[in-house]
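# Descriptive analysis of the structure
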Amino acid sequence: MALKKYFPVFVLPTLIAFLIAFGVPFILGIFLSFTEFTTVVDAKWVAFENYIKAFSNADFLNALWFTVKFTVVSVITINIIAFALASLLTKGLKATNLFRTVFFMPNLIGGIVLGYIWQLIINGVLQTIGVTITYDAKYGFWGLVVLMNWQLIGYMMIIYIAGIQNIPTDLQDASKVDGANRWQTLKNVTIPLVMPSITICLFLTITNSFKLFDQNLALTAGAPSKQTAMLALDIYNTFYGRIGWEGVGQAKAVIFFIIVALISFIQLGITHKREVEQ
Amino acid sequence: MKRFIAVLTAVTLLACLSACGKKTDPQNTGADGKGSVYFLNFKPEIADIYKEIAQKYKEEKGVDVKVVTAASNTYETTLKSEIAKANAPTIFQINGPVGYEAWKNYCLDLKDTKLYSYLTDKDLAVKNEDGVFGIPYVVEGYGIIYNNAIMEKYFALPDKAVNISKAEEINNFATLKQVVEDMTKHKSQLGIDGVFAATSMGTGEQWRWTTHLASVPMYYEMKEQSDSSTIVTALNAKTVDFTYADKFKNIFDLYTNNSTTDKGLLSGKSVENSMAEFALGKAAMVQNGNWAWEQIAEVNGNKVKSEDVKYMPIYTGIDGEEKQGLCIGTENYLSINKNASEADQKASIAFLEWLFSSETGKKYVTERLDFIAPFNTFGEDERPDDPLAREILSWMERDADTLEWTFNSFPSQQFKDDFSNAMLEYVQGTKDWAHVKKTVTDSWKSERS
């Protein structure tokens, strides 16, 4: 009874906030992708024209391919390094807490700032051979991978640490008694039991890598010649850089949303299945 | 306890709602039907002065003027979101005929306003057969700024390779090149790191080359095609040949080969960096417009004396350039929002008329904003007196062919970006010059279609 009475009181504020900040813009956004517009209030219906333009736009496809490459590389490196650090820092070494803090700290710095910091560092290194990060797309690519690793490893590490600490020690002891070596323990005991953490970490790294914008804008802004522009940056450039292309930018954004949603659902489905009950 | 929390939540919620409600109150119409003004300013460097003007206007006329300034390089973004709001800007800025294309549904016809009648040259306005939609409020010029103290030092050298004796005698590309290259040889004697300040190629920092500098060859190309204004010709051009690409290359190579900075490192440089180099006396020349005076003057440890700052036209090697002057024009046009209430439109026009014709307003314009205003309300003595503006004015009076700002009609931001990207690849040596030329013609064509 009390629940029923207070239900609106507790749910309404959040619901309203959710609708204003997410629901309405989302639906409006999908609607706008089918229109031609300058500002959001003067839209003219053009059906699928924007989508056709988006897919016949070489920049978009290049950005998609670059993003996919980037995501694959950074998801693998981030998770492996984060897991390795987490295993090390749960072994009861000295100064464990200090290291945890140090590794986590980069995550507290905003993307734009990080981008500029790394631009300075990388340009400083490349100066020795007389070029800058814009010289070649591969500098930009690896620059972004390094930056992303630096930022996300700490966060993922914390999640893995929580997962590893949750494994009951008797299971590890039992495997030791049964004569399992370190690799077998890791493969057959630790990894299956931290699967929930892996699910979360994969989800976070995949979506974050795919949606990367600030760091991309600050580090390379797509240079040279848009070869290092990722999807979000390409959408932004389409929307603001070309008169009459706002709708196309919006269409690209909707396609972008569908891709991200699809990939994360598939990933969640696969990893969820592998989680084991303790 | 439960009840207490429930009440607390309800109160918070109500407070939230009423706060939101208040905001939507139309402040626009003003209590006495006078209307109010919302000016979206384009120039961040003078944001504070506009605030002062707004306050002064409120004291004098009792009309509210709200001034919001878009951060550097974000004007279009800010305008796009601001204009969709209930309290949209009543005065905003377009960058010329191309900007008008984007905002034509929002520009009020200003044909019958006094503001338009004040214009010294009515052709400066953005207009078509339907009316007048953008009023320029400032005339600006750009060219190669040089530090005459360093030039004099060079011309006093016993082993100089040229037989002219002062910078004013440079009147074509060949001479400029000779002087610049000889100066590079003597740079340690002259105490400079390079003749030209860094050719900034950072993101968003390439506009001095891909709009301003490129405007020079485009001006000559358009001029050959028709007798009317090159801005109009360029606006109607479906394609360009970039006939004078090699002249453009001439001057650009001169900039980068005699620069303070190695070519490979230019993408890390900003306009501010190069203005600072000039201000500190590390470079003798820099290409920029008269708006850059602030940037030169405010640098700590500034070594350039204001009487030493001079202008020279951008020579590129085109036949007959001996008579060429500076590039003078504007890309700052004021428009009034067509969708604002009538009272607000009237108030906005009145505000601008006050700013550009009343004694108080004009004083702000010449002394604080440092605008060379293109209005007949300004007398001969009502001109800004910073050294660059004075140079522009004196060049306007000379017997020289002033170049129009043909880049006003470059097709889109996308075109400029494509162009900039190609230039960056050229300067760092990853692509050749043919690539730049092809990018310009291709991108122009695709952006115009």
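It should be emphasised that the depicted structure is a prediction, and the values quoted were computed from it without experimental measurement.

### Some remarks on the overall build of chain B
- On a plain count of helices and strands, chain B comes out with 18 helices and 12 strands.
- Against the 2.2 N^0.38 benchmark of 22 Å for 449 residues, chain B shows a C-alpha radius of gyration of 25 Å, consistent with a compact globule.
- Along the longest, intermediate and shortest principal axes, the C-alpha atoms of chain B span 90 × 60 × 50 Å.
- Counting across all 449 residues of chain B, residues that qualify as buried make up 47%.
- At a minimum sequence separation of 6, the contacts of chain B that also span at least 24 residues come to 73%.

### Let's talk about the overall build of chain A
- Of the regular secondary structure elements, chain A holds 12 helices and 2 strands.
- Along its sequence from the N terminus, chain A presents helices and strands in the succession α-β-β-α-α-α-α-α-α-α-α-α-α-α.
- Expressed along its principal axes, the backbone C-alpha trace of chain A runs to roughly 75 × 70 × 30 Å.
- Residue burial in chain A is summarised as follows: out of 278 residues, 33% are buried.
- The long-range fraction of contacts in chain A, counting pairs at least 24 apart against all pairs at least 6 apart in sequence, stands at 75%.

### Regarding the interface of chain B and chain A
- Tallying the contact residues gives 28 residues for chain B and 27 residues for chain A.
- For the side of chain B that touches chain A, the secondary structure elements donating two or more residues are helix H1 (2–23), helix H3 (75–82), helix H4 (97–103) and helix H17 (413–427) of chain B.
- For the side of chain B that touches chain A, a count of residues per class yields 9 nonpolar, 13 polar and 6 charged.

### Thoughts on the pairing of strand E3 (residues 91–94) of chain B
Residues and elements named next belong to chain B.
- Side-chain alternation along E3 places Ile91 and Gln93 on one buried face and Phe92 and Ile94 on a second face that is also buried.
- When E3 meets strand E11 (residues 333–336), the two strands line up antiparallel, connected through 4 bridges. Bridged to glutamine 93 within E11 is leucine 334.

### Remarks on the pairing of strand E1 (residues 37–41) of chain B
Residue and element names in this part refer to chain B.
- By the criterion of burial, E1 is predominantly enclosed, with 5 of the 5 residues buried.
- Sheet analysis places E1 next to strand E2 (residues 65–69), joined by 5 bridges and oriented parallel. Its bridge partner lying in E2, valine 37 is registered against valine 65.
- Between the parallel pair E1 and E2, the chain is carried across by helix H2 (residues 47–61), and the sense of this crossover is right-handed.

### Focus: helix H9 (residues 195–210) of chain A
Residues and elements named next belong to chain A.
- If you check H9, its first and last C-alpha atoms are 22 Å apart, about what 16 residues at 1.5 Å a residue would give, namely 22 Å.
- Inspection of H9 places Ser197, Ile198, Thr199, Cys201, Thr205, Ile206, Ser209 and Phe210 among the buried residues, and these make up the whole buried set.
- The elements touched by buried residues of H9 are helix H3 (58–88), helix H6 (137–165) and helix H12 (246–274).

### Looking at the domain arrangement of chain B
Residue and element names in this part refer to chain B.
- Taken domain by domain, chain B consists of domain 1 (29–139 + 330–379) and domain 2 (141–328 + 408–448).
- Taken together, the contact pairs 7 residues of domain 1 with 9 residues of domain 2.
- Grouping the amino acids of the side of domain 1 that touches domain 2 by side-chain chemistry returns 3 nonpolar, 2 polar and 2 charged.

### Structural notes on the environment of tyrosine 142 of chain B
Residues and elements named next belong to chain B.
- By the element assignment, tyrosine 142 lies in strand E6 (residues 140–147).
- Judged by the 26 C-beta atoms lying within 10 Å of it, tyrosine 142 is buried.
- As a C-alpha pair, tyrosine 142 and cysteine 327 span 185 residues in sequence and 5.4 Å in three-dimensional space.
- Setting aside residues up to four positions removed in sequence, tyrosine 142 forms contacts with His212, Gln287, Asn288, Gly289, Leu326 and Cys327.

### Some remarks on unusual backbone geometry
- Phi is positive for serine 225 of chain A, close to 45°, though the residue is something other than glycine.
- On the secondary structure map, serine 225 of chain A appears in the loop between helix H10 (214–219) and helix H11 (231–241).
- The exposure class assigned to serine 225 of chain A is buried, which follows from the 22 C-beta atoms found within 10 Å.
- In this structure, phenylalanine 242 of chain B takes a positive phi of about 55° despite not being glycine.
- Looking at the secondary structure, you find phenylalanine 242 of chain B in the loop between helix H10 (230–236) and helix H11 (245–257).
- We classify phenylalanine 242 of chain B as partly exposed; it has 19 C-beta atoms within 10 Å.

### Notes on the packing of H11 of chain A against H12 of chain A
Residues and elements named next belong to chain A.
- Interaxial distance between H11 and H12 falls to 7 Å at its minimum, and their mutual angle equals 160°. Taken together, the axis directions place H11 and H12 in an arrangement best described as roughly antiparallel. The two elements H11 and H12 meet at a crossing, and its hand is left-handed. Within the contact between the two elements, H11 uses Leu231, Asp234, Ile235, Thr238 and Phe239 and H12 uses Glu246, Val248, Gly249, Lys252, Ala253 and Phe256.
- A breakdown of the residues in the contact of H11 with H12 according to their chemical character gives 6 nonpolar, 2 polar and 3 charged.

### A few points about the confidence of the model for chain B
Residues and elements named next belong to chain B.
- Within chain B, residue pLDDT values average 86, and 93% of them lie at 70 or more.
- Summarising per-element confidence for chain B, the mean pLDDT is lowest in H1 (48) and highest in strand E7 (residues 194–196) (94).
- Model confidence for the complex: the whole-complex pTM is 0.80, and ipTM, which rates the interface, is 0.74.

### Quick notes on the environment of phenylalanine 371 of chain B
All names here are of chain B.
- With respect to the helices and strands, phenylalanine 371 occurs in the loop between helix H15 (359–368) and helix H16 (387–397).
- We classify phenylalanine 371 as buried; it has 27 C-beta atoms within 10 Å.
- Not counting chain neighbours up to four residues away, the residues in contact with phenylalanine 371 comprise Tyr137, Val138, Val365 and Pro384.

Reading the values: the criteria
Residues numbered from 1 in each chain as written. Chains lettered and ligands numbered in written order. Predicted model: local features only at pLDDT ≥ 70, side-chain atom pairs only at ≥ 80, totals over all residues. Helix = DSSP H or I, 4+ residues; strand = E, 2+ residues; numbered from the N terminus. Rg over C-alpha atoms; globule rule 2.2 N^0.38 Å. Buried ≥ 20, exposed ≤ 12 C-beta atoms within 10 Å, placed from the backbone. Contact = placed C-beta atoms within 7 Å. Nonpolar A, V, L, I, M, F, W, Y, C, P; charged D, E, K, R; others polar. Pairing = 2+ DSSP bridges. Right-handed = clockwise from strand over helix to strand, strands pointing away. Expected span 1.5 Å × (residues − 1). Domains from an automatic or database assignment. Axes fitted to C-alpha atoms, helices over the stretch in contact; angles between N-to-C directions. Parallel < 35°, antiparallel > 145°, perpendicular 65-115°, else oblique. Left-handed = near helix turned anticlockwise from the far one by under 90°. pLDDT = per-residue confidence, 0-100.

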